[in-house]
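The primary structure of each chain is shown beneath.
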Amino acid sequence: MHAQIEPNFIMNVFFIMIAFPIISGMILLHPKIPLSFLQIHLCLLVPGPIIALLAIFYLHESIVIGPWRLDSLSWVLASFVLTISLILQKFSVRYLFGDRSYRKYFILFTLTTVSNALAWFSDDLRLLLFFFGATLFGLFLLIGLKREWQVAKKAALSSGRMFLISWLFLLAAVIWLSEKTGEWHLSMALSETEILHSWEKTGLNLLLVTAVLIPAAQWPFGKWLLNSVVAPTPVSAIMHAGIVNSGGMLLTRFAPLVQANLSQTVLIVISSFSVLIGTGIMLVQVDYKRQLVGSTVAQMGFMLIQCGLGAYVAAITHAVLHGLFKATLFLQSGSVFDQNKDKIKLATGHHSPVLIFIGIILGLGSGIAIWFSSPNHSYQLVSAIILGWSVSFSWVQLVARSNEQMGRFVGGMLFIGAGAVYLIVQGGFHEILHEVHESVAGTSSFIAGVFVLLILTLGSLFSAWLMSHRSSPLYAKVYFWLLRLGEPDQELIESHPKYLAQIPLQGGSFR
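If you look the chain up in an unreviewed UniProt entry, it shows as Probable inorganic carbon transporter subunit DabB from Caldibacillus thermoamylovorans. Quoted verbatim from the Function (unreviewed entry) field of the UniProt record, the comment on the chain reads "Part of an energy-coupled inorganic carbon pump." A UniProt comment under Subunit (unreviewed entry) is attached to the chain, and it reads "Forms a complex with DabA."

Structural data, given as structure tokens:
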């Protein structure tokens, strides 16, 4: 009895705390409420992520209370989503000041992120559907909030159509699973999956895979994300609060259902090609936000590869860290011109053969250690090679190519510090998400990992060959193909927003 009281109390307090900023956001919509009320609204956003963060360390078991599931995964995702919401809304106080829809942004930011957080608490599949749909609908409204701008409206419609398709695929999967198992509770339905035939599991998984590929902007569904760059920067940033990276979270929730079959092969193949395409778009685009979009496509592809290989803890870690990092990059996009003046170039100084050899040994040692550190051999093989190369490359750039003793000392300290941070973060996430790790890891095959490495290696070699043959016709064809892939729809391109000419000189009506 005692074990049930404390989680229930924390859950009730948490739900009350996240309800307050929704109420304050609605109050803020009234034009007679002074804008200074925003400070109260921001203060009300603080308790939610703090309670979720404390629950991560205070509650150590998975408990289902009514339609809600309280476990380490739900608390981690809630703290992540609500923290980004707080940061973005604080940033938007000045950034969006003067916008005609100024007041509306804050309630939509709050509703979108709260819905997203509640989706991962939902053990009832109907609630999961509702909150996941509400999250996508909130993003649709945010993209098209500048109603006077036709480009924004068209971008919102483009995104909305894809979101609806994604939600309908998830709806089909949920109804199918519930009909076959007779359960609406996800935890109960997943415990009954042995009654499903092999073809039924494959069909369900294909529906789930399609549902997650769309919000993750994977090829060939990535056009909506490119179209959405017309939205204000905070809107682009909030997409990384559990929306574009919702694929890893959703697949982790359904992980016991996702086994090594056709659906995992489809997921791995599409995600692998999306990594290459997204990286190519990032390299050829000159527009900063489109570079970030290309990077997001590639990173989300790698996250879904992790899911396809059964490494769900790694996928969640990737989703959270990438979301925090990429949201920060979007928020600083306004200062990119100043930063370009002082770009840090890769070191090209004297090569120390001994230090380079040490870097190779460190890379090999790190890769071997990672490979044998987990039973999930397929993902660990991919992770070992990528991490080993990263360690070797970082050592050479920071230490081996420095010409001065002080430079090598500082580089060595940075190298050690980065390694320590990586070990702490990785170990922390594996400790916190031990339930996820124990229940669903290690389901993929060794061949899948080799396939991913083959695709990524061939892509890297092809890219290196193109870079050394820039005058070849093939280079030009690939360059312009990637450039065209990285462009939004033609109707969404304006050299200058035409709606600005229609706005009175006195400014917007946000007051």
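Colleague: Explain the overall build of the chain here, please?
Modeller: Looking only at helices and strands, the chain has 22 helices and two strands in total. For the chain, the residues scored as buried account for 52% of the 511 residues in total. Pairs at least 24 apart in sequence give 78% of the contacts found in the chain among residues at least 6 apart. Surface accessibility of the chain: about 23,900 Å² in total, with carbon and sulfur atoms responsible for 70%.

Colleague: Sorry if this is basic, but what is going on with the packing of aromatic side chains here?
Modeller: The relative placement of two aromatic rings is captured by the distance of their centres and the angle of their planes. In the structure shown here, the tally under the stated rule is 17 aromatic pairs. Centre to centre, the rings of Trp 68 and Phe 131 are 6.2 Å apart; their planes meet at 35°, and the pair counts as tilted. Placement of Trp 68 in strand 2 (residues 68–70) and of Phe 131 in helix 6 (residues 125–143) is noted, with a sequence separation of 63 residues between them. Phe 131 sits in the buried class, given a relative accessible area of 11%. Summarising the aromatic geometry, the rings of Trp 75 and Phe 121 are spaced 4.9 Å apart at their centres and angled 80° between planes, so their arrangement reads as edge-to-face. You can see Trp 75 sitting in helix 4 (residues 72–95) and its partner Phe 121 sitting in helix 5 (residues 102–121), a full 46 residues away along the chain. Classification of Trp 75 by relative accessible area gives buried; the value is 1%. Phe 121 sits in the buried class, given a relative accessible area of 0%. Among the aromatic residues, those joined into a cluster by ring pairs are Phe 14, Phe 15, Trp 68, Trp 75, Phe 121, Phe 130 and Phe 131.

Colleague: Before we go on, may I ask you to explain the pattern of salt bridges in this structure?
Modeller: A complete count under the given rule lists five salt bridges for this structure. Arg 69 is the partner of Asp 71 in a salt bridge, and the nearest nitrogen-oxygen pair spans 3.3 Å. Owing to a relative accessible area of 3%, Asp 71 belongs among the buried residues under this scheme. Across the pair Glu 200 and Lys 180 runs a salt bridge whose closest N-O atoms are separated by 3.0 Å. Here Lys 180 lies in helix 7 (residues 150–181) and Glu 200 lies in helix 9 (residues 198–213), a separation of 20 residues in the sequence. Here Glu 200 falls in the buried class, since its relative accessible area comes to 3%. For Lys 180, a relative accessible area of 36% translates into the label partly exposed.

Colleague: Looking at this structure, how should I read the nonpolar core?
Modeller: Residues Phe 14, Trp 75, Trp 224, Val 235 and Phe 254 are the most contacted members of the largest nonpolar core, which totals 122 residues. With 12 residues, the single largest contributor to this core is helix 5. Not counting chain neighbours up to four residues away, the residues in contact with Trp 224 comprise Leu 139, Ser 158, Ser 159, Met 162, Phe 163, Ile 214, Pro 215, Ala 217, Met 239 and Val 244. With seven residues, the next largest nonpolar core counts Ile 268, Val 275, Ile 305 and Val 452 among its residues.

Colleague: I keep staring at helix 12 (residues 246–253) and nothing clicks. Help me out?
Modeller: An α-helical turn contains 3.6 residues, so a residue and the one three or four places further along point in the same direction. Buried residues dominate helix 12, accounting for eight of its eight residues. Inspection of helix 12 places Ser 246, Gly 247, Gly 248, Met 249, Leu 250, Leu 251, Thr 252 and Arg 253 among the buried residues, and these make up the whole buried set.

Colleague: What am I meant to see in the side chain of Ser 79 here?
Modeller: Summarising the element assignment, Ser 79 is placed in helix 4. In terms of polar contacts, Ser 79 uses its side chain to reach the backbone carbonyl oxygen of Val 76, at 2.8 Å. Beyond its immediate chain neighbours, meaning those up to four positions away, Ser 79 contacts Pro 49, Ala 52, Leu 53 and Ile 56.

Colleague: It is not clear to me how unusual backbone geometry should be interpreted in this structure. Could you clarify?
Modeller: The phi angle of most residues is negative, glycine excepted, and most peptide bonds adopt the trans form. The linkage connecting Trp 219 with the following residue, Pro 220, adopts the cis geometry, with an omega of 5°. Looking at the element boundaries, Pro 220 is found in the loop between helix 9 and helix 10 (223–227).

Colleague: Is there a simple way to explain the environment of Arg 100 in this structure?
Modeller: By secondary structure assignment, the location of Arg 100 is in the loop between helix 4 and helix 5. When the C-alpha positions of Arg 100 and Arg 147 are compared, they lie 9.7 Å apart, and in sequence the two are 47 residues distant.

Colleague: Any chance you could explain the packing of helix 12 against helix 14 (residues 288–308) here in plain terms?
Modeller: Each pair of packed helices gets described by two things: the angle between the helix axes and the distance between those axes. Here helix 12 crosses helix 14 at 10°, and the two axes come no closer than 9 Å. When the axes of helix 12 and helix 14 are compared, the pair comes out roughly parallel. In contact with Gly 247, Gly 248 and Leu 251 of helix 12, helix 14 contributes Met 303, Leu 304 and Cys 307.

Colleague: How should the packing of helix 5 against helix 6 be read in this particular structure?
Modeller: Running from N to C, helix 5 and helix 6 cross one another at 155°; their axes reach a closest spacing of 8 Å. On the basis of their axis angle, the class for helix 5 and helix 6 is roughly antiparallel. Along this stretch, helix 5 crosses helix 6, giving a crossing that reads as left-handed. For the pair formed by helix 5 and helix 6, the contact residues are Tyr 105, Leu 108, Phe 109, Thr 112, Ser 115, Asn 116, Leu 118, Ala 119 and Trp 120 on the first element and Leu 128, Phe 131, Phe 132, Ala 134, Thr 135, Gly 138, Leu 139, Leu 141 and Leu 142 on the second. Residues that form the contact of helix 5 with helix 6 fall into these classes: 13 nonpolar, five polar and no charged.

Reading the values: rules and limits
Residues numbered from 1 in each chain as written. Predicted model: local features only at pLDDT ≥ 70, side-chain atom pairs only at ≥ 80, totals over all residues. Heavy atoms only, no water. UniProt positions renumbered as here; feature names shortened; annotations may be inferred. Helix = DSSP H or I, 4+ residues; strand = E, 2+ residues; numbered from the N terminus. Buried < 20%, exposed > 50% of the residue type's maximum accessible area, 1.4 Å probe, protein only. Contact = heavy atoms within 4.5 Å. Areas by Shrake-Rupley, 256 points an atom, 1.4 Å probe, with all protein chains shown as cover. Phe/Tyr/Trp six-rings, centres within 6.5 Å; stacked < 30°, edge-to-face > 60°. Salt bridge = Lys/Arg side-chain N within 4 Å of Asp/Glu carboxyl O. Core = buried A, V, L, I, M, F, W, Y, C linked by side-chain atoms within 4.5 Å. Polar contact = N/O pair within 3.5 Å; in protein donor to acceptor, adjacent residues only side chain to side chain. Axes fitted to C-alpha atoms, helices over the stretch in contact; angles between N-to-C directions. Parallel < 35°, antiparallel > 145°, perpendicular 65-115°, else oblique. Left-handed = near helix turned anticlockwise from the far one by under 90°. Nonpolar A, V, L, I, M, F, W, Y, C, P; charged D, E, K, R; others polar.

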